[in-house]
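Here is how the chains run, residue by residue.
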Amino acid sequence: MSWGKEFKQLYNSPETVLMNIQKVYSQCTENDVLEGKGWYKSANLLSLTLSEKYSVDYIKVAGIIAALSPMKSWELNKQMAEQFLETKGRVSSHTLMQSNKARKILKYAKNISDIETCLGGLKTINFFNNIRDPDSRNYLTVDRHHIYISTGHDIQSCTPKQYEFLKENTVIFANKIDMVPNQLQSILWVGWKRMKKE
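Residues numbered from 1 in each chain as written. Predicted model: local features only at pLDDT ≥ 70, side-chain atom pairs only at ≥ 80, totals over all residues. Heavy atoms only, no water.

Asker: How do you make sense of the nonpolar core when you look at a structure like this?
Answerer: By size, the foremost hydrophobic cluster in this structure holds 32 residues, and its most contacted members are Ile64, Ile105, Leu119 and Phe127. Ranked by residues supplied to this core, first place goes to helix 4 (residues 58-67) with seven residues. Once you skip the residues sitting within four places of it in the chain, Ile64 turns out to touch Phe84, Leu85, Ala102, Ile105 and Leu106. If you look at the next biggest cluster of nonpolar residues, it comprises 22 residues, including Leu18, Ile147, Ile149 and Met179. (Core = buried A, V, L, I, M, F, W, Y, C linked by side-chain atoms within 4.5 Å. Buried < 20%, exposed > 50% of the residue type's maximum accessible area, 1.4 Å probe, protein only. Helix = DSSP H or I, 4+ residues; strand = E, 2+ residues; numbered from the N terminus. Contact = heavy atoms within 4.5 Å.)

Rendered as C-alpha cells:
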C-alpha cells in the first residue's frame, strides 16, 4: 500500500494517530518525561549561551541551529552550529543548501519572519520556534521520529497537509494531558529513542 493511501486512511480515522501516540507515551518512564519536558528549554538556553559567546542575536542562533538540524543527531547539530558561529559561517559541515540557509540567517535576517523565510520547511520553522519560545503552544516539530510514532511508518518527511494533520492530533493529545505540545513531542522522542536501544 502506498504512503498516500495509508495517509488517506489516517485522515478518516484520526483516533489511530492518538492511539499510536498513547501507546508510546504510556511506555515513557519518569526520566523520559523529566528529560523531555526540559528539552526545548535546554535548547533555548543553548541558543542564549551561544548568542552571548559569539555576539549573535539569540533568535538568529536558534534559526541557525534549526537550519543545520535536518538528518543530524542533536549532539552533532549542536557541534555544527557552534563551529558555524565560531567561524562566522565560513565553515559548515552540513549540505550546501542547509549551510546557505544558515548563512542567510546570519548575514541578512532581521526578525523572526526573515528567519522563517530562510528556513522554508515546516519542520525546521517549527523547530526554530520551539527553540526560540519553548513555552508557546503554537508550534510543533514533526520530524521523521514523530511521523513514525504517530503513524507507525518509517517516512522521512510529509506534505504540508500531512504535517498539519499530525500536528493537530498531537495538540489534541497534549491538551488532554494538559501539556505544551512541544513537551509531548520531546517526551515521545526521548522515550522512543530509549525503547529502540532496549
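Further notes follow.
Asker: Even after reading the chapter, I still don't get the environment of Asn31, so can you show me in this structure?
Answerer: Along the chain, the position of Asn31 falls in helix 3 (residues 30-54). The spatial distance from the C-alpha of Asn31 to the C-alpha of Val190 is 9.2 Å, given a sequence separation of 159 residues.

Asker: Which parts of the structure should I look at to understand the pattern of salt bridges?
Answerer: Pairing between side chains of opposite charge can happen when their charged atoms approach one another. In this structure the tally under the stated criterion is five salt bridges. A salt bridge links Lys78 to Glu75; the nearest nitrogen and oxygen atoms lie 3.1 Å apart. Note that Lys78 and Glu75 are positioned in helix 5 (residues 74-86) at a spacing of three residues, about one turn of the helix. Residue Lys78 is classed as partly exposed on the basis of its relative accessible area, which comes to 26%. Overall, Glu75 belongs to the partly exposed group, its relative accessible area being 47%. Here Arg137 and Asp178 are joined by a salt bridge, their closest N and O atoms 3.9 Å apart. On the criterion of sequence distance, the pair formed by Arg137 in the loop between helix 8 (122-132) and helix 9 (144-151) and Asp178 in the loop between helix 10 (160-176) and helix 11 (181-197) is long-range, its members being 41 residues apart. (Salt bridge = Lys/Arg side-chain N within 4 Å of Asp/Glu carboxyl O.)

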